Amino acid sequence: PKEEYMGDSALNNPASCRDMALRCYQRTLASTCGHIRLCMVRRLSQVSSMRPRIVYDSGSLIIVDKPPSWPIFTRSSTAKPLPRGSGTTPSPEQANTKDAPSGPESLTNRIELPPKESVMGFVKRHCPSPLALNVLDPLESGLVMIAKDPEFAAMFSRYLNVNKVKREYLGLVHKRISRQDPIKMPLRDLKTKAKHDAETRFTILEHIGPLTYISIQPRTMVHHQIRRHLAAIGHPLVGENMYKHTTTFAQTEGQKMTEAELSTAKSMQIPFMPHRLWLHLHKVTLPDGRVVESPLSYQLQWHLGKLRSWNWLTYRDIL
């Protein structure tokens, strides 16, 4: 009736008041959801716009700050991965051939890559023949060292093998670490089955609930050395889904998980988990003493802040 919408008569009608409140609530909800969608679009655009950036370029060496989700290599349809050797450093002639060794200490693979799909494709705009000196997994982030020519790659690989190039990672591991003893354990190459001496040192930076924030300094270069060593001593990296979580490491040598173990690892959920491996190559010290640093990626910085303010009493099952 017309009188329901005139003067104060509408306020005296409970049905009209209820309808007006419902419409007001719907408009507020729509406005709030629109704002949330806008924030999500902005966040997604920020993530998608993350690209590698060159932080050091001198002579024959380029160092790139790699964001997560960017692979080092993207194999083309005709490119083939180089076979793994015994871990010896390639000569300049071998680095230009398809049969160059590429063991755990020698990672100077040369693969034709489509541009803008990998770190090497990005670097090819600045250097026609880049050679990767260290490799990070796609979900890791941090510094990637790249040589511009085979001669420098062979020389720099020798420096890496004898630890003249210092590398420092930042990582978050499960459980509270009480001792800082170096991890000295030979690791077996997963393909050739050959054993390589491996040593990993770490420093405790902070305890956060049931987790430990550490600085990691590998002394050798073996495939997945940090991940395998930390998993073997019972303190796997947050986000680890490949290597077994154990309490002793004498016989494990970083063995891969079974399906049941993988299911158990996935159940070890951490609040606000960024769905990536919690490992970042933070600092590289070159043989001449120059230091190149990469700040912790914004996902990991955000995650640390959330964990520090989290009420861990609600997570008694993982304490």
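1. A short note on the overall build of the protein
Per the secondary structure count, the protein includes 6 helices and 12 strands. Across the protein, every contact between residues at least 6 apart in sequence was considered, and the portion connecting residues at least 24 apart equals 61%. A total of about 17000 Å² of accessible surface is found on the protein, and carbon and sulfur atoms cover 55% of it.

2. Looking at the side chain of Arg276
Along the chain, Arg276 falls in the loop between α5 (259-267) and β11 (279-285). In this structure the side chain of Arg276 is engaged in a polar contact, spanning 3.3 Å, whose partner is the backbone oxygen of Leu139. When near neighbours in sequence (up to four residues on either side) are disregarded, Arg276 contacts Pro68, Leu139, Glu140, Ser141, Val238, Gly239, Ser297, Gln299 and Leu300.

3. Things to note about a nonpolar patch on the surface
Judged by side-chain polarity, Leu22, Tyr25 and Leu29 come together as a nonpolar surface patch covering roughly 310 Å² of accessible area. Within the secondary structure layout, Leu22 lies in helix α1 (residues 14-48).

4. Brief notes about the environment of Pro218
Mapping Pro218 onto the fold places it in strand β10 (residues 211-218). Separated by 17 residues in sequence, Pro218 and Arg201 have C-alpha atoms that sit 6.0 Å apart.

5. Digging into the environment of Asp288
Along the chain, Asp288 falls in the loop between β11 and β12 (291-293). The spatial distance from the C-alpha of Asp288 to the C-alpha of Lys164 is 9.2 Å, given a sequence separation of 124 residues. Within the structure, Asp288 has its side chain in polar contact with the side chain of Arg290 (distance 2.4 Å).

6. Side note on the pattern of salt bridges
Per the stated rule, a full pass over the model turns up 10 salt bridges. Taken together, the shared-partner salt bridges connect Asp137, Arg227 and Glu240 into one network.

7. Side note on the nonpolar core
Grouped together as the largest cluster of nonpolar side chains are 45 residues, with contacts concentrated most on Leu61, Met145, Phe156 and Leu230. Here Phe156 is in contact with Leu61, Leu133, Met145, Val165, Leu286 and Pro287, once residues within four sequence places are set aside. Membership of the second largest hydrophobic core comes to 14 residues, among which are Ile208, Val238, Ile270 and Trp278.

8. Some details on the pairing of β10
Judged by how many residues are buried, β10 sits mostly within the fold: 7 of 8 residues are covered. Strand direction decides the pairing type here: strand β5 (residues 166-174) and β10, joined by 6 bridges, are antiparallel. Residue pairing in the sheet places Val173 in a bridge with Thr212 of β10. The sheet contact formed by strand β9 (residues 199-208) and β10 spans 8 bridges and is antiparallel. Residue pairing for β10: Thr200 is matched across the bridge by Pro218. Adjacent in sequence and paired antiparallel, β9 and β10 are bridged by 2 residues, among which Gly209 carries a positive phi angle near 60°.

9. Brief notes about the packing of aromatic side chains
Where two aromatic rings form a pair, the distance of their centres and the angle of their planes describe that pair. Inspection of every chain in the model, using the stated rule, returns 5 aromatic pairs. Relative to Tyr159, the ring of Phe156 has its centre 6.5 Å away and its plane inclined at 75°; by these criteria the two rings are edge-to-face. Residue Phe156 and its partner Tyr159 are both found in helix α3 (residues 150-161); the two are separated by 3 residues, about one turn of the helix. Taking relative accessible area as the criterion, Phe156 reaches 3% and is therefore assigned buried. When the centroid spacing of 5.1 Å and the interplanar angle of 90° are considered together, the rings of Phe272 and Trp310 count as edge-to-face. Within this pair, whereas Phe272 is found in the loop between α5 and β11, its partner Trp310 is found in the segment after α6 (298-308), the two being separated by 38 residues in sequence. According to the relative accessible area criterion, Trp310 is partly exposed, its value standing at 29%. Among the aromatic residues, those joined into a cluster by ring pairs are Phe152, Phe156 and Tyr159. The positively charged end of Lys306 is found above the aromatic ring belonging to Phe272, 5.4 Å away from the centroid.

10. A short note on unusual backbone geometry
Trans is the prevailing form of peptide bonds, just as negative phi is the prevailing case for residues other than glycine. Its identity as a non-glycine residue notwithstanding, His224 has a phi of 55°, on the positive side. By the element assignment, His224 lies in the loop between β10 and α4 (225-232). We note that Phe272 has phi near 60°; this positive angle belongs to a residue other than glycine.

Rules used in this analysis
Residues numbered from 1 in each chain as written. Predicted model: local features only at pLDDT ≥ 70, side-chain atom pairs only at ≥ 80, totals over all residues. Heavy atoms only, no water. Helix = DSSP H or I, 4+ residues; strand = E, 2+ residues; numbered from the N terminus. Contact = heavy atoms within 4.5 Å. Areas by Shrake-Rupley, 256 points an atom, 1.4 Å probe, with all protein chains shown as cover. Polar contact = N/O pair within 3.5 Å; in protein donor to acceptor, adjacent residues only side chain to side chain. Patch = residues over 30% accessible without salt bridge, like charges linked within 9 Å, V, L, I, M, F, W, Y side chains within 5 Å. Salt bridge = Lys/Arg side-chain N within 4 Å of Asp/Glu carboxyl O. Core = buried A, V, L, I, M, F, W, Y, C linked by side-chain atoms within 4.5 Å. Buried < 20%, exposed > 50% of the residue type's maximum accessible area, 1.4 Å probe, protein only. Pairing = 2+ DSSP bridges. Phe/Tyr/Trp six-rings, centres within 6.5 Å; stacked < 30°, edge-to-face > 60°. Lys NZ or Arg CZ within 6 Å of the ring centre and 35° of its normal.

Everything listed is a geometric property; what it means functionally is a separate question.
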